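In case you want the letters, here they are:
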Amino acid sequence: MNEQQTMLSEMADGLFAELGAGASLAECWPQIEEMALSSLLIDEDAGGFGGTWDDARIVFRLAGYHALGLPVVEAIVAAHIASPLGFEGRGTMAASADGTLDSDGFTGTITGVCAGDGADYVVAPFEGGAIVVAGDGAEHSARKTVSGEGRGIWMLTGGRAERAATDVFALGAFARTAQIAGALDAALAQAVAYANDRKQFGRPLAKFQAMQQNLATFACEAAAANCAAIGAAQALDRGDGRFEIAVAKLRANQAVGTGTAIAHQAHGAIGFTEEYPLHPLTRRLWSWRSEFGGDSFWAGAIGGKVLAAGADVFWPDLTARTD
Amino acid sequence: MQTFHAKPVPWPDTAGELRARVRALVSEHFAQQGDAADPAKRANSWAHPDPAFSRKLGEAGLIGMVWPKEYGGHERSSLERYVVLEELLALGAPVGAHWIADRQTGGMILRYGSEEAKRQWVPGMARGELFACIGLSEPGAGSDLASVRTTARRKGDRWVIDGQKVWTTNAHFAHLMIALVRSEEGSERNAGLSQFVISMDAPGVTVKPIIDLTGGHDFNEVWFDNVELPETALAGTEGQGWAQATAELSLERSGPERYLSSTALLIELIRAVGPDASDEVKALVGRLTAEMWTLRQMSASVAARLAEGDDPALEATMVKDLGNTYEQAMPGLVQAAVELDLAGGDPLARVLGYLLQVSPSFSLRGGTREILKGIIARGLGLR
């Protein structure tokens, strides 16, 4: 991390730890605005922070680490796309948009709007790029994903909307990859602390080889997700991150399966209770695995591209992306 | 908690040029050998010795790349060396003869060896003419390496070695061995051990083959019967052998050879199933590609930290565990996904048949999975 990233990391770490999973949008969003976090990826000459994708990865990872209950990640990505188009306020992201864009604006349905209540606009994948739709006049239908996070539906009949070329689906996948990396590290830390603390048969669980081997496996999965997120951020900062985001999200998704299973196994029954702070992490991990491309989506997409390119360019193509 | 401290990898500007040189060299060698069509020979290629190829690499300046020019090296950066290694392995070049010398023995002698030992061994290693083996395991010391019983005792100004090593890869053609032996009589566990550079043609050294389950010969038993060595054969500090040997592990565990051993199988799978493969096979190719890309990130990130003088021992262990798991699982996953006649001669069946048989060794060599997970657990603060 460079000096700026260390400062950013310390600021976000402190703030997100304080706000935590239970932060309420109405009460706590002003604290996010005070730090101008939403402008992380807006150019400096447009009044933003002018951050890199690796800066964003650090913030997204910490949001995941603290199971932050506020849609900061979504606001950062949305502002990156919509701010140059003149949209202001709190933006968010959605999973998909189905409808038509014409002189009357957007008419159709936007599904999986993250924390859509009170959002000023939403950015959703649309015809290979993105569509930005203002929230005024949208009819809301509330839904929640397994983590309890809002993933509602907006229905619009006309209304302000703009098209953007940015592949927001890929950026959503990148954001979830970094959040997964953070949440896995946090769940691992909890499992390790619990294993050292909890005694059975007269000694800490950490002394049992079966526990050690499981947690070592978990650590490797968390490490893989983190390295995947770093690689994707590096590629985005170089220019074209589409391949790297695909492989990184797929790898992070797989780490969710192994990691959450071991986290709960290590905690036994206590990890299954409402009051214990493991589930804000694991329930988010289960949600994020399916968002912006589940395993089968990305595996099929990557496999299809690799097979279409052919065996002889497999390794040369892989290395050419970093040379 | 962040267990894997990753650094963005500063890939060298010369990477493209280095890859082009390696690709030309390897394709020329395969063409001369006439067996380029057999992917079974390109899998696990760092276990395939070919002294003629090693000499060609040496001539091209691609062995001992980071060593001082004074000792025949080329003073290139360690990431340039990393590029060459991953390229050789991905192409399936037969690098087995010089692999150990280039990876660790040359560097170890340069760091700990006497001036005589450096002059005697390192330039020949860099030329791809002198090969090394590592004497660690013994009949009573496998994963529990601190149980080593081979002894070194002083006799005037000489050392005398007695004992036995086993599972010694390449001892049958190596010119020298770095051996971990007990140099202090009555010492126990990891105290009182020292490293020695033993010339394999010294009187009293006997090598006998151990044939593996494929009929191949990599392993050997090595006996030492009153083997007399000059004082300069001691490498490093007497009694510090354990610390010296374990310090090499980060170099040994995180390299690209820990995840690329089954690459020839993935490439043949892509060739065999083609763009019209079933969704199931497409998804498998996607998952294998994602894992390979991730492991490359991890392995190169450790290389970048080693280049800066860090010792990321925990990260290196994680790379080996994940990498071995990947390269070992691939044969089974491919076998489950496509119908094949393993008695037939088609390239995919040949490479799969070979890897099904040798891949169990991937999580044994260089530290078993169980030992690695124990090290990782300790790194997490468990135990």
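1. Some remarks on the overall build of chain B
Along its length, chain B carries 12 helices and 8 strands. For chain B, whose C-alpha radius of gyration is 21 Å, the value lies close to the compact-globule estimate of 21 Å for 383 residues. Once the C-alpha set of chain B is aligned to its principal axes, its extents read approximately 75 × 50 × 45 Å. Every one of the 383 residues in chain B was classed for burial, and the buried ones make up 53%. Of all intrachain contacts in chain B linking residues separated by at least 6 positions in sequence, the fraction that spans at least 24 positions is 76%.

2. Thoughts on the overall build of chain A
Helix and strand counts for chain A come out as 10 helices and 10 strands. In terms of C-alpha radius of gyration, chain A reaches 20 Å, essentially the compact-globule figure of 20 Å for 323 residues. Its C-alpha atoms give chain A principal-axis dimensions of roughly 70 × 55 × 40 Å. Residues classed as buried in chain A amount to 54% of the 323 residues present. Taking the contacts inside chain A whose residues are at least 6 apart along the sequence as the reference set, 70% of them involve residues at least 24 apart.

3. Description of unusual backbone geometry
Positive phi, normally seen in glycine, also occurs at Phe201(A), with a value near 55°. Relative to the elements of secondary structure, Phe201(A) occurs in the loop between β9 (199–200) and β10 (203–204). Residue Glu75(B) is not a glycine yet carries a positive backbone phi of 55°. One can find Glu75(B) in the loop between α2 (51–59) and α3 (78–91). For Glu75(B), a count of 11 C-beta atoms within 10 Å puts it in the exposed group.

4. Some details on the domain arrangement of chain B
Residue and element names in this part refer to chain B. What the domain assignment reports for chain B is domain 1 (15–130), domain 2 (134–239) and domain 3 (243–379). On the side of domain 2, 12 residues touch domain 1, which itself brings 13 residues to the contact. Residue assignment for the side of domain 1 that touches domain 2 shows that the elements contributing at least two residues are α4 (99–112) and α5 (115–126). With 5 residues, α4 is the single largest residue contributor to the side of domain 1 that touches domain 2. Among the residues forming the side of domain 1 that touches domain 2, the class breakdown is 9 nonpolar, 3 polar and 1 charged.

5. What to know about the interface of chain B and chain A
Between chain B and chain A, the residue contacts involve 44 residues of the former and 46 residues of the latter. The set of elements that each furnish at least two residues to the side of chain B that touches chain A consists of α1 (15–33), α8 (263–273), α9 (279–307), α10 (313–337) and α12 (369–380) of chain B. It is α9(B) that contributes the most residues to the side of chain B that touches chain A, 15 residues altogether. In terms of residue class, the side of chain B that touches chain A is built from 24 nonpolar, 11 polar and 9 charged.

6. Some points on the sheet that holds strand β3 (residues 105–114) of chain A
All names here are of chain A. Taken in spatial order, the 4 strands of this open sheet run β2-β3-β7-β6, and their pairing is antiparallel. Where the open sheet ends on each side, the last strands, each with one partner, are β2 (96–102) and β6 (139–141). Neighbour-to-neighbour, the strand axes of the sheet open up by a mean angle of 15°, direction not taken into account. Note: β3 against strand β7 (residues 151–157), 7 bridges, orientation antiparallel. In the strand pairing of β7, Cys114 is matched with Arg151.

7. Points about the environment of Glu315(B)
Residues and elements named next belong to chain B. Summarising the element assignment, Glu315 is placed in helix α10. Distance in space between the C-alpha atoms of Glu315 and Phe4 is 5.6 Å, their sequence separation being 311 residues. Apart from the residues lying within four places of it in its own chain, the contact partners of Glu315 are Phe4, His5, Ser254 and Val302.

8. Some details on the nonpolar core
For soluble globular proteins, the rule of thumb is that nonpolar side chains tend to be buried together. With 237 residues, the main nonpolar core has Ile76(A), Val122(A), Ala191(A), Leu215(A), Ala219(A) and Phe196(B) as its most contacted residues. Excluding residues within four positions of it along the chain, Val122(A) makes contact with Gly91(A), Thr92(A), Met93(A), Ala94(A), Ile110(A), Val113(A), Gly116(A), Val133(A), Gly135(A) and Trp154(A).

9. Quick notes on the sheet that holds strand β1 (residues 91–93) of chain A
All names here are of chain A. Strand order in this open sheet of 4 strands is β1-β4-β5-β8, and the pairing throughout is mixed. Of all strands in the sheet, those with a lone pairing partner are β1 and β8 (161–164), marking the two edges. Averaged over all pairs of adjacent strands, the angle between strand axes in this sheet comes to 25°, irrespective of strand direction. Of the strands in this sheet, β1, β4 (121–126), β5 (129–134) and β8 touch helix α4 (residues 72–82), which is tilted by about 105° from β1. Lying over the sheet, helix α5 (residues 168–197) contacts β1, β4 and β5, oriented at roughly 110° with respect to β4.

What counts and what doesn't
- Residues numbered from 1 in each chain as written.
- Chains lettered and ligands numbered in written order.
- Predicted model: local features only at pLDDT ≥ 70, side-chain atom pairs only at ≥ 80, totals over all residues.
- Helix = DSSP H or I, 4+ residues; strand = E, 2+ residues; numbered from the N terminus.
- Rg over C-alpha atoms; globule rule 2.2 N^0.38 Å.
- Buried ≥ 20, exposed ≤ 12 C-beta atoms within 10 Å, placed from the backbone.
- Contact = placed C-beta atoms within 7 Å.
- Domains from an automatic or database assignment.
- Nonpolar A, V, L, I, M, F, W, Y, C, P; charged D, E, K, R; others polar.
- Pairing = 2+ DSSP bridges.
- Axes fitted to C-alpha atoms, helices over the stretch in contact; angles between N-to-C directions.
- Core = buried A, V, L, I, M, F, W, Y, C linked by C-beta atoms within 7 Å.

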